[in-house]
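Take a look at the letters that make up each chain.
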Amino acid sequence: MEPPPSLRLARRSQTLGVVLPMVLVALATSAGYYVTNPPPLTVRDSPVTATVPSGQPVYLGVYEPDEDAGRTLDLRGVQVDVTSTREIAVQPLVCVGGSVDVTTAPDTTCTDIVDPAGADLGPDDDLMLQVTGSGSTVAVVEPVTISFVEGVRRGTHQAGSPARVRVLPVSSPR
C-alpha cells in the first residue's frame, strides 16, 4: 500500500545547489580578470634621440594613445627607468592637444602641459619626458610604465618608445 501524497518524501534535485555556485564563481572570476587585464599598450623598439647642451631641458614625445586605436587613459602614475653616467632629471608630462617629437619649446605645439598624475591621456595628447642634464653624459630611458584606468579596467603596462639623450659638456669661455 502506498502512503497518501501528503506523507510522501519529496526528493529535491541537488543539481541547482551545486551548479549555481559554480556558475557564480565562474562569472566573478571572469569579471575580475576582465577588470584587471586591459589590453597592452604599444611599445616601440626604435628610440627617440636628442642631443642637448648641459642645463638645457629637452622634451621627448614617447607615447601617443592614438597608436592604440584612440584609447583614452586616466593616468594614475608614470614610472621612468633611466641609466646614465651622471645625475639627470627626467620628468614625465602630458602634452594636451598636441604632439611632440623632440623639442626645447613644447608650448608651441601643446595647448597645455600638465602633470600626468590624474590626467587623462586621449588620442589628441602625447606623453612626453622632460630631460635635463648637467655635464657631459648619455642617458638611456626605457619605455615608460604607465598605471591607468580605462573605463572599469585598471592596468599597469609598458608603453611607447625608449629614449636616448646625449648631454653635451658645458662649454668653457675662450
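Engineer: Sorry, what's going on with the overall build of the protein here?
Structural biologist: Counting its regular elements, the protein contains one helix and 13 strands. Counting from the amino terminus, helix and strand elements in the protein follow one another as α-β-β-β-β-β-β-β-β-β-β-β-β-β. Compactness check: the protein gives a C-alpha radius of gyration of 27 Å against a globular reference of 16 Å for 174 residues, more than 25% above the reference. Projected onto its principal axes, the C-alpha coordinates of the protein cover approximately 120 × 35 × 25 Å. Residues counted as buried form 33% of the 174 residues belonging to the protein. Nonlocal contacts in the protein, meaning residues at least 24 apart in sequence, comprise 77% of its contacts between residues at least 6 apart. For the protein, the exposed area adds up to about 10,600 Å²; of that, 54% sits on carbon and sulfur atoms. Averaging the positions of the 12 positive and the 19 negative side-chain charges in the protein gives two centres separated by 12 Å.

Engineer: How should I be thinking about the state of the cysteines in this particular structure?
Structural biologist: Linking two cysteines covalently through their sulfur atoms gives a disulfide. Applying the stated criterion to the full structure yields one disulfide. Between the sulfur of Cys 95 and that of Cys 110 lies a disulfide, 1.9 Å long from S to S. Looking down the S-S bond of the Cys 95 and Cys 110 bridge, the torsion is -110°, so its handedness is left-handed. One end of the pair, Cys 95, is in strand 5 (residues 88-96); the other, Cys 110, is in the loop between strand 6 (102-103) and strand 7 (112-114), and 15 residues separate them in sequence. Relative accessible area serves as the criterion here: at 0%, Cys 95 is assigned to the buried category.

Engineer: Can you help me understand the pattern of salt bridges in this one?
Structural biologist: In a structure, side chains of opposite charge can pair up when their charged atoms sit close to one another. Evaluated as defined, the whole model comprises two salt bridges. Notably, a salt bridge pairs Glu 150 with Arg 71, separated by 2.6 Å at the nearest N-O pair. In this pair, Glu 150 is assigned in strand 11 (residues 144-150) and Arg 71 in the loop between strand 2 (58-63) and strand 3 (73-79), connecting sequence segments 79 residues apart. Each member of the pair, Glu 150 together with Arg 71, is buried. Between Arg 76 and Asp 74 there is a salt bridge, with the nearest N and O atoms lying 3.1 Å from each other.

Engineer: Help me understand the pairing of strand 5, please; the structure alone is not making it clear to me.
Structural biologist: Within a regular strand, the side chains alternate between the two sheet faces. As judged from the eight bridges shared by strand 5 and strand 9 (residues 126-133), these two strands associate in the antiparallel manner. Along strand 9, the bridge assignment pairs Ile 88 with Gly 133. Bridge count for strand 5 against strand 7 is three bridges, and the pairing is antiparallel. The residue of strand 7 that forms the bridge with Val 94 is Val 114.

Engineer: How should the pairing of strand 13 (residues 163-168) be read in this particular structure?
Structural biologist: Here strand 13 shows a clear split, with Ala 163, Val 165 and Val 167 buried on one side and none of Arg 164, Arg 166 and Leu 168 buried on the other. Note: strand 1 (residues 48-53) against strand 13, six bridges, orientation parallel. Among the inter-strand pairings, Pro 53 is bridged to a residue of strand 13, identified as Leu 168.

Engineer: So what exactly am I meant to see when it comes to the side chain of Asp 125 here?
Structural biologist: Note that Asp 125 resides in the loop between strand 8 (120-121) and strand 9. Buried within the structure, Asp 125 lacks any salt-bridge partner; Arg 71 is the closest side chain of opposite charge, at an N-O distance of 13 Å. In this structure the side chain of Asp 125 is engaged in a polar contact, spanning 2.8 Å, whose partner is the backbone nitrogen of Gly 97. Within the structure, Asp 125 has its side chain in polar contact with the backbone nitrogen of Gly 122 (distance 2.9 Å). What Asp 125 contacts, discounting residues up to four positions off in sequence, is Glu 64, Pro 65, Val 94, Cys 95, Val 96, Gly 97, Gly 98 and Asp 120.

The rules we used
- Residues numbered from 1 in each chain as written.
- Predicted model: local features only at pLDDT ≥ 70, side-chain atom pairs only at ≥ 80, totals over all residues.
- Heavy atoms only, no water.
- Helix = DSSP H or I, 4+ residues; strand = E, 2+ residues; numbered from the N terminus.
- Rg over C-alpha atoms; globule rule 2.2 N^0.38 Å.
- Buried < 20%, exposed > 50% of the residue type's maximum accessible area, 1.4 Å probe, protein only.
- Contact = heavy atoms within 4.5 Å.
- Areas by Shrake-Rupley, 256 points an atom, 1.4 Å probe, with all protein chains shown as cover.
- Lys, Arg positive; Asp, Glu negative; His and termini not counted.
- Charge placed at Lys NZ, Arg CZ, Asp CG, Glu CD.
- Disulfide = S-S within 2.5 Å.
- Salt bridge = Lys/Arg side-chain N within 4 Å of Asp/Glu carboxyl O.
- Pairing = 2+ DSSP bridges.
- Polar contact = N/O pair within 3.5 Å; in protein donor to acceptor, adjacent residues only side chain to side chain.

Bear in mind that shape data such as this cannot, by itself, settle questions of function.
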